[in-house]
Amino acid sequence: MKKPEEIFNFTAISDDCIKCGKCIPVCTIHQINPDETTSPRGFIDLLGAYQRGQLELDRDAKNIFESCFLCTNCVDVCPNSLPTDMVIEEVRADIADKYGIAWFKRGFFFLLRHRKIMDFVMKFGFMFKTCALAEDDKGRGLRARFSLPMMKKDRLIPSMMKTSFLNTYPEEIPAPDQKGKNPRVAIFIGCLGNYNYEGIGNGLVEILEKLNIDIFIPKDQLCCGAPAYFTGDVSSVEYMTKKNIEYFESFMDECDAMLIPEATCSAMVKHDWQVFFKNHDMPEWEARAKKVGEKIHMATAWLHDNTNLKAMLEQKGKRFDEVVTYHDPCHARKVQGIYEQPRNLLAPNYPMVEMSDPNRCCGFGGVTMQTEKFHFAEAAGKPKAAMIEETKAHYVSAECSACRVQISESMNHAGVETIFKNPLELIAEALKD
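So, the pattern of salt bridges
Right, so step 1: Within this structure, the stated rule accounts for 22 salt bridges.
Right, so step 2: Note that E36 is salt-bridged to R41, the shortest N-O span being 2.6 Å.
Right, so step 3: Taking relative accessible area as the criterion, R41 reaches 23% and is therefore assigned partly exposed.
Right, so step 4: For the salt bridge of R143 with D136, the shortest nitrogen-to-oxygen distance reads 3.0 Å.
Right, so step 5: Residue D136 is classed as buried on the basis of its relative accessible area of 5%.
Right, so step 6: Connected via shared salt-bridge partners are D328, R333, R343 and E354.

Points about the nonpolar core
Right, so step 1: Ranked by size, the top nonpolar core spans 74 residues in total, and within it L47, F65, F248, F251 and M258 carry the most contacts.
Right, so step 2: Per element, the largest residue contribution to this core is 7 residues, and it comes from helix 14 (residues 263-279).
Right, so step 3: With sequence-adjacent residues up to four places away left out, L47 is seen in contact with F10, F65, V87, I88 and V91.
Right, so step 4: Judged by nonpolar contacts, the second largest core, of 35 residues, contains I189, L208, I215 and L345.

Regarding the sheet that holds strand 2 (residues 142-144)
Right, so step 1: Here we have 3 strands laid out as an open sheet, ordered 1-2-3, and antiparallel in their pairing. Because the sheet does not close on itself, it has two edges, and the strands there are strand 1 (133-135) and strand 3 (156-157).

Points about a nonpolar patch on the surface
Right, so step 1: A surface patch of nonpolar side chains, about 700 Å² in accessible area, is lined by F110, I117, F120, V121, F124, M127 and F128.
Right, so step 2: Looking at the nonpolar patch element by element, the count peaks at 6 residues for helix 8 (residues 115-128).
Right, so step 3: Tracing the chain through its elements places V121 in helix 8.

Focus: helix 13 (residues 234-249)
Helical geometry note: an α-helix holds 3.6 residues per turn, so side chains three or four residues apart project in the same direction.
Right, so step 1: For helix 13, built from 16 residues, the straight-helix expectation of 22 Å at 1.5 Å per residue is met to within 8% by its first-to-last C-alpha distance of 22 Å.
Right, so step 2: For helix 13, every residue scored as buried is listed here: S236, V237, M240, T241, K242, N244, I245, Y247 and F248.
Right, so step 3: Contact partners of the buried residues in helix 13: helix 7 (103-113), helix 12 (226-231), strand 7 (257-260), helix 14 and helix 15 (283-293).

With respect to the side chain of S401
Right, so step 1: Topologically, S401 is positioned in helix 21 (residues 401-414).
Right, so step 2: Other than its neighbours up to four places away in sequence, S401 contacts L192, G193, Y197, I200 and E262.

Thoughts on the layout of surface pockets
Empty space among the atoms becomes apparent when a probe as large as a water molecule is rolled across them.
Right, so step 1: Considering only enclosed or pocket space, the second largest pocket measures out at about 320 Å³ in volume.
Right, so step 2: Every residue lining the second largest pocket is counted, 18 residues in all, and those nearest its centre are G139, S159, N196, Y197 and R404.
Right, so step 3: At the level of elements, helix 11 (198-210), helix 21 and strand 11 (419-421) are the ones that each hand at least two residues to the lining of the second largest pocket.
Right, so step 4: Looking at the lining of the second largest pocket, the element that brings in the most residues is strand 11, giving 3 residues.
Right, so step 5: Partitioned by chemical class, the residues of the lining of the second largest pocket number 6 nonpolar, 5 polar and 7 charged.

Overview of the pairing of strand 5 (residues 184-187)
Right, so step 1: Burial of the side chains of strand 5 extends over both faces: R184 and A186 are buried on one face and V185 and I187 on the other.
Right, so step 2: Judged from the 3 bridges that link them, strand 5 and strand 6 (residues 214-216) form a sheet pairing that is parallel. Its bridge partner being in strand 6, V185 is matched across the sheet by I215.
Right, so step 3: Note: strand 5 against strand 7, 3 bridges, orientation parallel. Counterpart to I187 in the pairing with strand 7 is L259.

Points about the sheet that holds strand 10 (residues 395-397)
Right, so step 1: One open sheet holds the 3 strands; their spatial order is 9-10-11, and the pairing between them is parallel. Only two strands of the sheet have a single partner each, and these edge strands are strand 9 (324-326) and strand 11. Adjacent strand axes in the sheet meet at a mean angle of 30 degrees when their direction is disregarded.
Right, so step 2: When strand 10 meets strand 11, the two strands line up parallel, connected through 3 bridges. If you follow S397 over to strand 11, its bridge partner there is K421.

Rules behind the numbers
Residues numbered from 1 in each chain as written. Predicted model: local features only at pLDDT ≥ 70, side-chain atom pairs only at ≥ 80, totals over all residues. Heavy atoms only, no water. Salt bridge = Lys/Arg side-chain N within 4 Å of Asp/Glu carboxyl O. Buried < 20%, exposed > 50% of the residue type's maximum accessible area, 1.4 Å probe, protein only. Core = buried A, V, L, I, M, F, W, Y, C linked by side-chain atoms within 4.5 Å. Helix = DSSP H or I, 4+ residues; strand = E, 2+ residues; numbered from the N terminus. Contact = heavy atoms within 4.5 Å. Pairing = 2+ DSSP bridges. Patch = residues over 30% accessible without salt bridge, like charges linked within 9 Å, V, L, I, M, F, W, Y side chains within 5 Å. Areas by Shrake-Rupley, 256 points an atom, 1.4 Å probe, with all protein chains shown as cover. Expected span 1.5 Å × (residues − 1). 1 Å grid on protein atoms, 1.4 Å probe; cavity = no way out; pocket = protein on both sides within 12 Å on 5 of 7 lines; lining within 4 Å. Points joined across faces, edges and corners; volume = space filled by probe spheres on them. Nonpolar A, V, L, I, M, F, W, Y, C, P; charged D, E, K, R; others polar. Axes fitted to C-alpha atoms, helices over the stretch in contact; angles between N-to-C directions.

This is the structure in structure tokens:
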């Protein structure tokens, strides 16, 4: 059991909460479980009591602190900008210390730390997937043929690629025209883009080639650490972040940018790495993470702000009939302020219609929410599926594969016909001759 002086200073955050209640209406968990304990000000108050020794970190407290979706809606509206998500992440590390981490999560994080083993497991899964899974008839993913541990029959899960993105392409992809000095960008693909959704990486490569940009694909990149961070596995986070930083430092000076086609991964690398090292008193690594972060960009934001892609799409003049509605991932709009750029890149070629609340969290919530607490994810996903259906859009788009997993299953569960596509997939299609 931790001594009071060893516990993160939750009281400082708790004392700054004025209990105004602005966080209550926007809180994802409170919307589906309206209990003051599972609200941002409830979390903060309980964490202050925990640090002061007035609350035991028992299984009831564990259950409460694992019920947060980490959507950051509360941070977005808080008059004091209190980092509720960050303090929840810190207490989850204490929960992991006291209660351990479930075997299947430990196995998953082990694979994320060891790329070659993960490659083998995913290839094996691709070969034998039909034993327990069936292809969705709309190509949206795989359906469970029967109930499995933590997975109901007919639940939609991500597809599996025969060969990962990192193993498909060479490390260097020179721009088609080498007459002058071309921009050079690195790609950090993200685990779901690497193993499950092949259109993301393919689309990004096709776009960069059309823009005549040299591409560098760092083959030794590891997971950004977000799944472990949101679960409280500090050792896995520390291992993956340090390995990635050391690796990125070896080539980042030769690149104009590193593009990440994922909201959660880019927020983790650009923002949460620094927060993690600061909270765990590693100032040298915090500074190194900050320096690396200066060249990290969400893909659509960099393409919109630093290239002539929008003009190229307008000049192409293609107009598709399929209507697109855009969902704002929490880690894009709220954490990084990115929401206009992907819409601006889609608008020249696709009819766009806004859903009633594009900023509402889809309910993915991390590994725990997708397993032991999936009933919460299901409940949070229903309103999002309904508002997508109201738009009658053919595609719903978001630059986040975690949202893709959750929204695809929510639509599958509700019988909504809309198909999820990363904006890079749609933009690449618009650029084709």
